Structure formats: structure tokens, C-alpha cells
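If you want the building blocks of each chain, they are given just below.
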Amino acid sequence: METKIIKCDPLNFIPEDIEPAALAIKNGGLVAFPTETVYGLGGNGLLPAASKKIYAAKGRPSDNPLILHIADRQMVYALASEVSEKAVKLMEEFWPGPLTLVFKKKDIVPFETTGGLDTVAIRMPSHPAALELIRRSGCPIAAPSANISGRPSPSKASHVVDDLFGRIDHIIDGGETDIGIESTIVDMTGEVPMILRPGYITTAMLREVVGEVDIDPAVKGVDANIRPKAPGMKYTHYAPKGELTIVEGETERVVKKINELVLEKEKEGFRCGVLASAEQYESYDADIVLKVGSRLEPVTISAGLYSVLREFDDLEVQYIFSESFSGEGLGNAIMNRLIKAAGHRVIEVW
Ligand code: TXA
Ligand code: MG
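Keep in mind it's a predicted model, so treat the numbers as computed, not measured.

**What about the site of ligand 1?**
Line of reasoning, step 1. Neighbouring ligand 1 are 29 residues, the closest being Thr37, His69, Ser183, Arg197 and Gly232.
Line of reasoning, step 2. Arg60 is positioned such that a nitrogen or oxygen atom in its side chain is 2.9 Å from an oxygen atom of ligand 1.
Line of reasoning, step 3. Within the contact set of ligand 1, an oxygen atom lies 2.6 Å away from a side-chain nitrogen or oxygen of Ser183.
Line of reasoning, step 4. The element contributing the most residues to the shell around ligand 1 is strand β6 (residues 119-123), with four residues.
Line of reasoning, step 5. Per-class residue counts for the shell around ligand 1 are 16 nonpolar, eight polar and five charged.

Following this line, the structure appears as C-alpha cells:
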């Protein structure tokens, strides 16, 4: 299949440019598009055949449900059978934006899209290209992250090209995404909203709007045997080819420990890399040191995370040592992804 690339500058956005991509969605095809979180791989979410194509293109297990992307709040009522007052409050506060809400589904939403579940995940993205694509397609767009299953989500169009070129109709290239990690997912089907996947919208932000909010115990990552409520969270995600280890603790000790580990592995003949903050970047002796972002602005770290993980792969790094980015709010979401990428390998040096 020939994949066409559509360039789009979010700051100088030309709505008509999206039309060929919308036409492809209308015809049951697939389009990768930018959102404020990561690139999505979209198809008509009400068309079972389109959902099947998405799973096939990504090599994704078909029990892992897709998120429906909508362009105006009213569309929720066509897809969800129960929309609580709390859900309305969250929609009003955070949509359009990086928040996905899970509702009981209406019959119109096919089981092919929800991985057989009777619930449906819905989000209204804020990126102009995403909104325009949904509006012009005239349907909710089912879109998982536009990566091959098991690879880091794409935060720029070149990542999508690497994974899906030749398998889909269009790629809308809107440059780098702002947030870089996937949306916060909150299950709204119970009395108390429950976070199934942490993201840019933090627990504190949600509590400020709706009061009590639970967190799926599996998200905390303390016990790897607890089955997560978001089916996709159980798969090994985001694993780079090299073995990634996180070193956590007091800054000077972290730097010292990482340099020791690098020296040890380089002596054994391995290719090593360090995943560093802008602040500590200069302190490492490894051949390959990649700057992920600045601790002063955590969103630069989430924005750069998947990109540097992919870069380590491209550079064929065998051992990667990373600083820890633990912290309140967005730090939780960053560490949720990084700890998974590291297969839970964390060394503490307090
Ligand atoms: O930021 C995002 O959410 C991006 C962009 C493209 O919007 N999308 C994304 O989709 O990350 P995906 O498919 O990579 O992740 C969707 C997650 C999976 O973990 C899936 O199991 C969960 O959402 N999910 C979808 N529907 C669900 C449902 N009905 N109940 C519980 N979890 C659900
Ligand atoms: Mg994904």
C-alpha cells in the first residue's frame, strides 16, 4: 500500500489539507494523526472492519480495546449509555485534552472496537488536526497509539513512518507532540472514578474537580501479579531492545553509580547509553548520553521520553542506565512508563 504523508503546521493550520485523510477514514481506511499526547492510528470506530484493520496493522492482540476519539462533547451521548454528573464535570474541565473516560457502551459501538468489553473508552483530543479529521470523517475515530505493538508510542511522525509506512493510507505529520506520553484513563462506571492509566491529568487535578478518586492497584506497580483493569496495561510495553536499568537516589550518588555501571559494562565490551536530564547531562562518561528533558519543566521529560528510547534502539545500545524522574503529578506518569520499559529494574542509592 502507498502511504501518503500530509504535512501540517499546528501553528498555521489549513483545515482543507486534512480532507484526503478524512476521505480515507470514510472509505474504511487508516490514518495516523497527531494528538497532544502521542500519534494515533485512526479508523472509523463504528465499523468493525476498520477496527480489525487497526489491530492487524499494529500487530495488536484483539482483546486490547481501542479509544474512541470525538470532536464535540455531545458525541459522548451517542456512544455511552450512562454519563454521570462527575463525568460531565470532568469533560467540562479537561476536554479537549489528554483525558480518556470509560463508560458503559451503547449497542452502536461494536465489540470489535472495545475488545469484547461492554464499556467504551472515549476522549476528545485538543490537537487541531485530530479535531478536524474527526469532524470531516463524520464518525468517532478509534485510535490506539500509532506504533507497532510493544514499541514505544510515537511522539513524532518519523516514529510512525518507521513502524507503519506502507501499511496505512495516510500519515498526518504535525511535528512533535506536546506531552509525549498517552492520556490519563479514568473508569467512570463505578461510584468513585478510578484511574486506570496515569498521565498528564494528575490524580490531584481530578480530585479537585470530583473529590474522591481511586487508583487501580495495578497502576502502582507494587505487585506485578495484580491484573490491571485497562487490558492494554498488562502487556509488556515500551521495552527498548537494550536492557534498561533505573538508578534512583540522591543526585551525586546516582551520577557516580551510573558512571560505575557504564564503566563495568564497557570493559566487558558492551555498548552503553545513559538517559539523562539536561541538568546532569554533562556528568556522564558513557559514549552515548541522551538528554531527555529538563527537571525544571517535567513536561519536557515526558515529551522526550519515547523519542530517546527509540534512539537507543537505533544506536543499538545494549545497556541503558537512566536517572529516575519520580515526583508528584506528571512524575508518576513518567515513572509508570519508564519502570515498565525497564522491566521493573531499579537500583536505589540513597
Ligand atoms: O493518549 C492516548 O490515549 C493515545 C492517543 C492516540 O489518543 N491513545 C492510546 O491508545 O494510548 P492505546 O490503544 O495505545 O491505549 C489505550 C488503552 C489501553 O491500555 C486499553 O486497554 C485501554 O486504553 N482501554 C481502552 N478501552 C478500555 C475500556 N473500555 N476499559 C478499560 N480500558 C480500556
Ligand atoms: Mg499504545
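**A short note on helix α4 (residues 85-94)**
Line of reasoning, step 1. For α4, the set of buried residues is Ala87, Leu90, Met91 and Phe94. Viewed along the axis of α4, the buried residues span an arc of 100 degrees, placing them on a single side of the element. Exposed residues lying more than 90 degrees from the buried face of α4 are Glu85, Glu92 and Glu93.
Line of reasoning, step 2. Elements that come into contact with the buried residues of α4 comprise α3 (76-79), β5 (99-104) and α8 (203-210).

**Details of the environment of Glu348**
Line of reasoning, step 1. Note that Glu348 resides in strand β16 (residues 346-349).
Line of reasoning, step 2. By relative accessible area, which is 52% here, Glu348 ends up exposed.
Line of reasoning, step 3. C-alpha of Glu348 to C-alpha of Lys257: the two residues are 91 residues apart in sequence and 9.6 Å apart in space.
Line of reasoning, step 4. Polar contacts involving the side chain of Glu348 include one to the side chain of Trp350, which spans 2.9 Å.

**Observations regarding the side chain of Arg123**
Line of reasoning, step 1. Summarising the element assignment, Arg123 is placed in strand β6.
Line of reasoning, step 2. A distance of 3.1 Å separates a polar atom in the side chain of Arg123 from a polar atom in the side chain of Thr37.
Line of reasoning, step 3. Among the polar contacts made by the side chain of Arg123, one reaches the main-chain carbonyl oxygen of Gly97 at a distance of 3.0 Å.

**Some thoughts on the domain arrangement of the protein chain**
Line of reasoning, step 1. Under the domain assignment, the protein chain is made up of domain 1 (4-219) and domain 2 (243-349).
Line of reasoning, step 2. Here the C-alpha centroids of domain 1 and domain 2 sit 29 Å apart.
Line of reasoning, step 3. Taken together, the contacts link 24 residues of domain 1 with 15 residues of domain 2.
Line of reasoning, step 4. Buried surface at the junction of domain 1 and domain 2, both sides included, amounts to about 1500 Å², of which 54% is carbon and sulfur.

**Describing unusual backbone geometry**
Line of reasoning, step 1. Residues Trp95 and Pro96 are joined by a peptide bond in cis, for which omega reads -5 degrees.
Line of reasoning, step 2. When you line up the elements, Pro96 lands in the loop between α4 and β5.
Line of reasoning, step 3. Of note, the phi angle at Glu316 is positive, near 55 degrees, even though the residue is not glycine.
Line of reasoning, step 4. Structurally, Glu316 can be placed in the loop between α11 (298-314) and β15 (319-323).
Line of reasoning, step 5. What makes Glu316 exposed here is its relative accessible area of 60%.
Line of reasoning, step 6. In this structure, His344 is a non-glycine residue whose phi angle is positive, near 70 degrees.

**Thoughts on the packing of α4 against α8**
Line of reasoning, step 1. The geometry of α4 relative to α8 is characterised by a closest axis approach of 9 Å and an angle of 120 degrees between their N-to-C directions. With respect to α8, the element α4 is oriented oblique. In this structure, α4 crosses over α8, and the sense of that crossing is right-handed. Contacts between α4 and α8 involve Lys86, Lys89, Leu90, Glu93 and Phe94 from the first element and Met205, Leu206, Val209 and Val210 from the second.
Line of reasoning, step 2. Counted by class, the contact of α4 with α8 contains six nonpolar, no polar and three charged residues.

**Here's the deal with the nonpolar core**
Line of reasoning, step 1. Counting 58 residues, the largest nonpolar core has Leu133 and Ile172 as its most contacted members.
Line of reasoning, step 2. The residues touching Leu133, leaving out its near neighbours within four places in the chain, are Ile18, Ala21, Ala22, Ile25, Val31, Phe33, Ile141 and Ile172.
Line of reasoning, step 3. The next biggest cluster of nonpolar side chains, apart from the first, holds 26 residues, and it includes Ile181, Tyr238, Leu290 and Val317.

**A closer look at the environment of Leu290**
Line of reasoning, step 1. Along the chain, Leu290 turns up in strand β14 (residues 288-293).
Line of reasoning, step 2. Judged by its relative accessible area of 11%, Leu290 falls in the buried class.
Line of reasoning, step 3. For Leu290 and Phe312, which are 22 residues apart along the polypeptide, the C-alpha to C-alpha distance reads 8.4 Å.
Line of reasoning, step 4. Excluding anything up to four places from it in sequence, Leu290 contacts Val274, Leu275, Ala276, Tyr281, Val308, Glu311 and Phe312.

Analysis parameters
Residues numbered from 1 in each chain as written. Chains lettered and ligands numbered in written order. Predicted model: local features only at pLDDT ≥ 70, side-chain atom pairs only at ≥ 80, totals over all residues. Heavy atoms only, no water. Near = heavy atom within 4 Å. Polar contact = N/O pair within 3.5 Å; in protein donor to acceptor, adjacent residues only side chain to side chain. Helix = DSSP H or I, 4+ residues; strand = E, 2+ residues; numbered from the N terminus. Nonpolar A, V, L, I, M, F, W, Y, C, P; charged D, E, K, R; others polar. Buried < 20%, exposed > 50% of the residue type's maximum accessible area, 1.4 Å probe, protein only. Arc of directions from axis to C-beta. Contact = heavy atoms within 4.5 Å. Domains from an automatic or database assignment. Buried area = accessible area lost by both parts, 1.4 Å probe. Axes fitted to C-alpha atoms, helices over the stretch in contact; angles between N-to-C directions. Parallel < 35°, antiparallel > 145°, perpendicular 65-115°, else oblique. Left-handed = near helix turned anticlockwise from the far one by under 90°. Core = buried A, V, L, I, M, F, W, Y, C linked by side-chain atoms within 4.5 Å.

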